[in-house]
Amino acid sequence: MILFAVVIAIAIVLLVSGFEMFLVLGVPAIMVKQFFYGSLPDPVIVQKVVGGINHSTLLAIPFFILAAELMGDGQIARRLTDLVQSLVGHRRGGIGYTVIGGSMAFGSVSGSAPATVAAMGRMVYPEMTSAGFRDRFSLGLVASSAETALLIPPSITLIIYGWMTGASVARLFVAGIAVGLVLGVVFAVLVAVEARRSGVSGGAKTSWRERFASIRHAAWALGMPLIILGGIYSGFFTTTEAAAASVVYAIFVEAVVFRTLTLRGLFGITERAAISTAIIFVLLALGGLLSYFITLAQVPNHILAFLSAADAGPVMFLLVVNVAFLIAGMFIDPNSALLILVPPLYPVATAMGIDPIHFGMIVTLNISVGMITPPFGLDLFVAASTLGKPVMTIISGIWPFVAANLVALAIITYVPPISTFLPNLAFG
Amino acid sequence: MRKALSLLRTAERLSLVLIFLTMVGLYFINVVVRASGSSLASDLAWIEEAVRLMNVYLVFLALGLALERGRHVAVDTWRNAIAEATRLPLRKIIDTVGFVLALYLVWIGCEMTVFVFGTGQRSPTLGFPMGWIYVAPTIGFALLALRYLLSFAGVIDRFSENREGGA
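Residues numbered from 1 in each chain as written. Chains lettered and ligands numbered in written order. Predicted model: local features only at pLDDT ≥ 70, side-chain atom pairs only at ≥ 80, totals over all residues. Heavy atoms only, no water.

With that out of the way, let us pick up the overall build of chain A. Along the backbone of chain A there are 22 helices and zero strands. Taking the principal axes of the C-alpha coordinates as reference, chain A spans close to 70 × 50 × 45 Å. Scored against the burial criterion, the 428 residues of chain A give a buried share of 60%. Within chain A, counting contacts between residues at least 6 apart in sequence, those at least 24 apart form 79% of the total. Carbon and sulfur atoms make up 68% of the accessible area of chain A, which amounts to about 15,200 Å² in all. Positive and negative side-chain charges of chain A, numbering 20 and 17 respectively, have mean locations separated by a distance of 11 Å. (Helix = DSSP H or I, 4+ residues; strand = E, 2+ residues; numbered from the N terminus. Buried < 20%, exposed > 50% of the residue type's maximum accessible area, 1.4 Å probe, protein only. Contact = heavy atoms within 4.5 Å. Areas by Shrake-Rupley, 256 points an atom, 1.4 Å probe, with all protein chains shown as cover. Lys, Arg positive; Asp, Glu negative; His and termini not counted. Charge placed at Lys NZ, Arg CZ, Asp CG, Glu CD.)

Moving on to a nonpolar patch on the surface. Residue and element names in this part refer to chain A. Taken together, Val-315, Met-316, Leu-319, Val-320, Val-323, Ile-327, Phe-331 and Tyr-414 make up a surface patch of nonpolar side chains, about 690 Å² in accessible area. Top contributing element to the nonpolar patch by residue count: helix 17 (residues 314-331), with seven residues. Structurally, Phe-331 is set in helix 17. (Patch = residues over 30% accessible without salt bridge, like charges linked within 9 Å, V, L, I, M, F, W, Y side chains within 5 Å. Salt bridge = Lys/Arg side-chain N within 4 Å of Asp/Glu carboxyl O.)

Counting across every chain of the model gives 13 salt bridges over all chains. Its salt-bridge partner being Glu241(A), residue Arg34(B) comes within 2.8 Å of it at the nearest N-O pair. Pair noted here: Arg34(B) is in helix 1 (residues 2-35) and Glu241(A) is in helix 14 (residues 239-257), and the two residues belong to different chains. With a closest N to O distance of 2.6 Å, Arg69(B) and Glu271(A) form a salt bridge.

This next bit is on the packing of helix 17 of chain A against helix 21 (residues 391-414) of chain A. Residues and elements named next belong to chain A. Where helix 17 contacts helix 21, the two axes come as close as 11 Å, and the packing angle between them is 140 degrees. Comparing the axis directions of helix 17 and helix 21 gives the class oblique. Where helix 17 crosses over helix 21, the two elements pack in a sense that is right-handed. Counting all contacts with helix 17, which are made through Val-315, Leu-318, Leu-319, Asn-322 and Leu-326, the residues of helix 21 involved are Leu-406, Leu-409, Thr-413 and Tyr-414. Class assignment for the residues of the contact of helix 17 with helix 21 results in seven nonpolar, two polar and no charged. (Axes fitted to C-alpha atoms, helices over the stretch in contact; angles between N-to-C directions. Parallel < 35°, antiparallel > 145°, perpendicular 65-115°, else oblique. Left-handed = near helix turned anticlockwise from the far one by under 90°. Nonpolar A, V, L, I, M, F, W, Y, C, P; charged D, E, K, R; others polar.)

Attention now moves to helix 8 (residues 135-145) of chain A. For helix 8 of chain A, the buried fraction is high: nine of the 11 residues fall into the buried class. Residues Phe137(A), Ser138(A), Leu139(A), Gly140(A), Leu141(A), Val142(A), Ala143(A), Ser144(A) and Ser145(A) constitute the buried set of helix 8 of chain A.

Counting residues at the interface gives 61 residues for chain B and 62 residues for chain A. Counting the surface lost from both chain B and chain A, the interface buries some 5,600 Å², and carbon and sulfur atoms represent 76% of this. Our count for the chain B to chain A interface comes out at four salt bridges. Linking Arg158(B) and Glu20(A) is a salt bridge whose minimum nitrogen-to-oxygen distance equals 2.5 Å. At the surface where chain B touches chain A, the tally comes to 13 residue pairs in polar contact (both at pLDDT 80 or more). Those elements giving two or more residues to the side of chain B that touches chain A turn out to be helix 1, helix 2 (45-68), helix 3 (79-86), helix 4 (90-119) and helix 5 (131-152) of chain B. In terms of residue class, the side of chain B that touches chain A is made up of 42 nonpolar, seven polar and 12 charged. (Buried area = accessible area lost by both parts, 1.4 Å probe. Polar contact = N/O pair within 3.5 Å; in protein donor to acceptor, adjacent residues only side chain to side chain.)

What follows is about the nonpolar core. Ranked by size, the top nonpolar core spans 205 residues in total, and within it Phe63(A), Phe317(A) and Phe359(A) carry the most contacts. Every residue in contact with Phe63(A), bar those within four places of it in the chain, is listed here: Thr240(A), Ala243(A), Ala244(A), Val247(A), Phe20(B), Met23(B), Val24(B), Tyr27(B) and Val51(B). (Core = buried A, V, L, I, M, F, W, Y, C linked by side-chain atoms within 4.5 Å.)

Under the counting rule described, the total for this entry stands at 15 aromatic pairs over all chains. Aromatic side chains Phe317(A) and Phe359(A) sit 6.4 Å apart centroid to centroid with 10 degrees between the ring planes, which places their arrangement in the stacked category. Highlighted residues: Phe317(A) in helix 17 and Phe359(A) in helix 19 (residues 356-372), separated in sequence by 42 residues. The exposure classification of Phe317(A) matches that of Phe359(A), with both residues buried. Taken together, the aromatic side chains of Phe133(A), Phe137(A), Phe187(A) and Phe401(A) make up a single cluster linked through ring pairs. Cation over ring: Arg211(A) sits above Trp208(A), and NZ or CZ is 4.5 Å from the ring centre. The side chain of Lys92(B) reaches across the aromatic face of Phe152(B), ending 5.2 Å from its centre. (Phe/Tyr/Trp six-rings, centres within 6.5 Å; stacked < 30°, edge-to-face > 60°. Lys NZ or Arg CZ within 6 Å of the ring centre and 35° of its normal.)

Here we come to the environment of Val24(B). For Val24(B), the position within the fold is in helix 1. Taking the C-alpha atoms as reference points, Val24(B) and Val51(B), 27 residues apart in sequence, are found 8.4 Å from one another. Val24(B) has contacts with Phe63(A), Leu66(A), Ala244(A), Val247(A) and Val248(A), leaving out every residue within four places of it along the chain.

Glancing now at the side chain of Glu69(A). Here Glu69(A) lies in helix 4 (residues 60-73). In terms of polar contacts, Glu69(A) uses its side chain to reach the side chain of Arg272(A), at 2.9 Å.

Below, the discussion takes up the environment of Phe359(A). Look at Phe359(A) and you get buried, because its relative accessible area is 1%. It is 7.9 Å that separates the C-alpha atoms of Phe359(A) and Tyr346(A), two residues lying 13 residues apart in sequence.

This paragraph deals with the side chain of Ser155(A). All names here are of chain A. Assignment of secondary structure puts Ser-155 in the loop between helix 9 (148-151) and helix 10 (156-165). Among the polar contacts listed, one links the side chain of Ser-155 to the backbone oxygen of Leu-150, at a separation of 2.6 Å. Among the polar contacts made by the side chain of Ser-155, one reaches the main-chain amide nitrogen of Leu-158 at a distance of 3.0 Å.

Moving on: unusual backbone geometry. Here Pro153(A) and Pro154(A) are connected by a cis peptide whose omega angle stands at 0 degrees. In this structure, Pro154(A) sits in the loop between helix 9 and helix 10. One non-glycine residue, Arg259(A), adopts positive backbone phi at about 55 degrees. A positive phi angle, close to 55 degrees, is found at Arg87(B), a residue other than glycine. When you line up the elements, Arg87(B) lands in the loop between helix 3 and helix 4. With relative accessibility at 75%, the residue Arg87(B) sits in the exposed group.

Worth remembering: the numbers are spatial, not functional.
This is how it looks when you write it as structure tokens:
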């Protein structure tokens with residue numbers, strides 16, 4: 001027990017001292033192996049490290065990352081946002097709704113929250129302030145709307161959760177749409193209230209002729225969500241196949257149709273995507289090693305025994321889960337939070353009869369709230385560096401969104417059908 | 001020394017791009033053939049396995065470059081403050097721990113590779129010796145160990161860039 005506490009203490013010291021996250025996961029895992037499971041041969045470590053990433057489902061991640069890099073650099077993201085603006089931009093505070101809708105549209109092709117903050121921040125933040133929104137509200141909206149990217153498919157976080165738990169990625173994706181929409185609606189209410197309070201006017205009314213023109217303008221870009229979502233839900237593609245097809249489509253559209261992608265550009269983007277892939281996969285590899293030892297040490301059984309001794313039911317357990325993930329999400333990146341907390345908590349959740357898809361939504365929403373929660377939420381820093389604003393200014397505008405998020409989190413946690421209704425409808 | 005390092009970087013970058021685009025091409029061919037209902041589909045079962053193997057190589061070959069560019073995820077908020085408060089050479093300590101861990105993984109990676117090659121185990125569809133899959137982490141962690149060493153020696157500065165974390 002003392003040795004175990006020492007290992008956890010070492011992990012915490014490594015984390016706060018700024019060691020690379022894969023060292024924070026790997027060093028304690030190897031220590032546990034040497035202290036508690038010394039009879040296992042050392043090469044089992046390499047076997048688990050490679051086994052942790054050599055999986056078909058995970059192949060979707062590098063493909064989606066490459067597709068997102070291609071679209072972020074090219075025209076697809078911009079055209080999707082223009083389309084959203086032409087549909088809702090004329091309403092009072094319309095540019096605020098455009099930020100939310102644009103983030104969802106960009107999330108529907110990228111799956112990465114920091115990438116969404118960066119792209120949307122550059123595109124629409126200046127328009128928000130010139131429309132009359134207060135600066136700090138605009139900053140808060142840009143940073144928090146990007147969270148929807150973790151929920152709206154294709155979400156890398158949901159793919160990893162599905163791989164870790166065996167839950168169907170297609171079901172998780174459908175559930176993510178519903179939960180992402182709930183979050184979007186909650187933010188839209190804030191925009192409506194703020195627009196009225198600050199006397200923000202709407203943009204110029206767009207005629208239906210102009211709207212059709214912007215749909216035509218975005219037609220090639222709309223093909224992307226069609227391939228990804230339509231392909232997966234119709235059963236035509238597996239998630240990984242849809243991901244590979246989306247890369248080929250993005251290359252075709254950006255290079256041949258829009259003519260913005262050169263061979264040199266493709267080289268640079270592919271290299272960047274390879275490095276982004278490695279950053280995530282090295283965490284999966286060493287996180288897989290850690291979770292192997294968590295399972296061997298029967299940590300989930302100990303948690304379950306503790307909870308039943310404390311007479312805690314699912315309601316109490318979910319509250320504990322929310323607090324644990326919120327705190328983790330505030331300090332570490334989404335993937336590491338999943339890798340550390342899902343292995344011990346997921347078996348407890350299923351033992352308590354909580355639906356795996358519902359649990360996945362709770363976990364993902366928690367992590368996304370953590371990304372905007374001061375003082376260390378990752379998206380706050382991405383927004384600060386992209387928009388050239390002090391982190392403190394962004395933090396001052398983020399509180400209403402954190403509060404709105406917690407309301408959404410409570411609704412999602414304690415109303416399971418929001419997460420399970422659509423997957424059950426789509427897949428039976 | 002600088003020239004050798006620059007050659008290594010070029011080799012790493014070229015391998016990554018080639019492997020990645022080949023993965024996309026192969027997997028896409030697989031999808032098209034399956035969707036067309038062609039009888040070729042069963043002949044292409046090896047593609048899935050080949051792409052997974054390539055992905056393992058992609059990941060491990062990128063580890064060193066990612067470290068050199070300061071791209072690996074870390075909570076670096078308090079790093080400088082802790083280093084100042086404790087007067088510890090924290091960056092050197094991180095480099096040392098990283099180097100030792102990477103070197104240890106290279107060592108057991110070699111052991112595992114030799115062992116699996118020795119068993120004569122072959123992959124199910126491609127039929128290649130399974131030992132090749134363990135060559136990837138062995139090379140990858142060697143590239144990582146090298147970058148930790150170079151950072152420790154001050155040849156590369158991996159801490160200067162701003163990080164944006166993971167996905």
